[in-house]
Amino acid sequence: MKKLTIIMLSLVALIATSCGSKYNEKTCEDLCEKINDGKKLTEDDYAECIKQCTAILNDVKSRMEAIKAKADDKDDKAVDMWDDFKDDTEDMLTYYHTMYYELSNADLKGENKANFKELEKLDKETDRLWDRTRKKVSRLDD
């Protein structure tokens, strides 16, 4: 029975991780290079920027929620996790900010416009979580 439980939990975890869109560093690098070079982005490029930004925020949120949970439990490991998180996500967040800025200044149409509105909501949620997590971790670090 115990083996079956472990197998089922592993299967659920595999399904959960394969369902969402994943951050792709190479794709982000290529899109940001195009943006920084002043090249015109296509609607497909904008769609990919939105997809990558969403994947980045989902990754960031997930990691911050884990850190916040540790901080809520007054676990000092949250401080090290926060420091590692900031180091690990530096490039990712640079890509995010480049693409998000481009998207916010673009004349998006149709599905891209609707998807960007959803991204804006996710951005605000993530920003609030960032502030709460940072404050909780800083209290542990004092």
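For every chain, the first residue of its written sequence is number 1, and the numbers climb from 1 along that sequence. In view of the model being predicted, local features appear only for residues whose pLDDT reaches at least 70, and side-chain atom pairs are presented and counted only at 80 or more, with totals across whole chains, interfaces and linings using the full set of residues. To obtain the side-chain values, all non-hydrogen atoms of the structure were included, while hydrogens and water were left out.

**A word on the side chain of Asn112**
Okay, step 1: By definition, any uninterrupted DSSP run of H or I lasting at least four residues is a helix, any uninterrupted run of E lasting at least two residues is a strand, and each is numbered from the N terminus. Note that Asn112 resides in helix α6 (residues 110-141).
Okay, step 2: Excluding anything up to four places from it in sequence, Asn112 contacts Glu43, Tyr46, Ala47 and Ile50. Any pair of residues with heavy atoms lying within 4.5 Å of one another is described as a contacting pair.

**Structural notes on the confidence of the model for the protein chain**
Okay, step 1: Confidence scores per residue from the predictor, reported as pLDDT, run from 0 to 100. Model confidence for the protein chain is summarised by a mean pLDDT of 88, while 85% of its residues fall at 70 or above.
Okay, step 2: A low-confidence stretch, residues 4-19 (pLDDT under 50), is modelled with 1 contact involving residues beyond four sequence positions or located in other chains.

**Quick word on the packing of helix α2 (residues 25-36) against helix α3 (residues 43-72)**
Okay, step 1: Lines fitted to the C-alpha atoms define the axes, with helices restricted to the stretch that makes contact. Angles between their N-to-C directions range from 0 to 180 degrees. Viewed as axis vectors pointing N to C, α2 and α3 meet at an angle of 130°, and their least axial separation amounts to 10 Å. By the angle between their directions, the pair α2 and α3 is classed as oblique. By crossing handedness, the relation of α2 to α3 is classed as left-handed. Residues Thr27, Cys28, Leu31, Lys34 and Ile35 of α2 form the contact with α3, whose participating residues are Asp45, Glu48, Cys49, Gln52 and Ile56.
Okay, step 2: Tallied by class, the residues present in the contact of α2 with α3 amount to 5 nonpolar, 2 polar and 3 charged. Oblique is the label for any angle not under 35 degrees, not over 145, and not in the 65 to 115 range, which are roughly parallel, roughly antiparallel and roughly perpendicular in turn. Two helices cross in a left-handed way if the nearer one is turned anticlockwise from the farther one by less than a right angle. They cross in a right-handed way if the turn is clockwise. Under the convention adopted here, Pro, Cys and the residues Ala, Val, Leu, Ile, Met, Phe, Trp and Tyr are nonpolar, Asp, Glu, Lys and Arg are charged, and Gly plus all remaining residues are polar.

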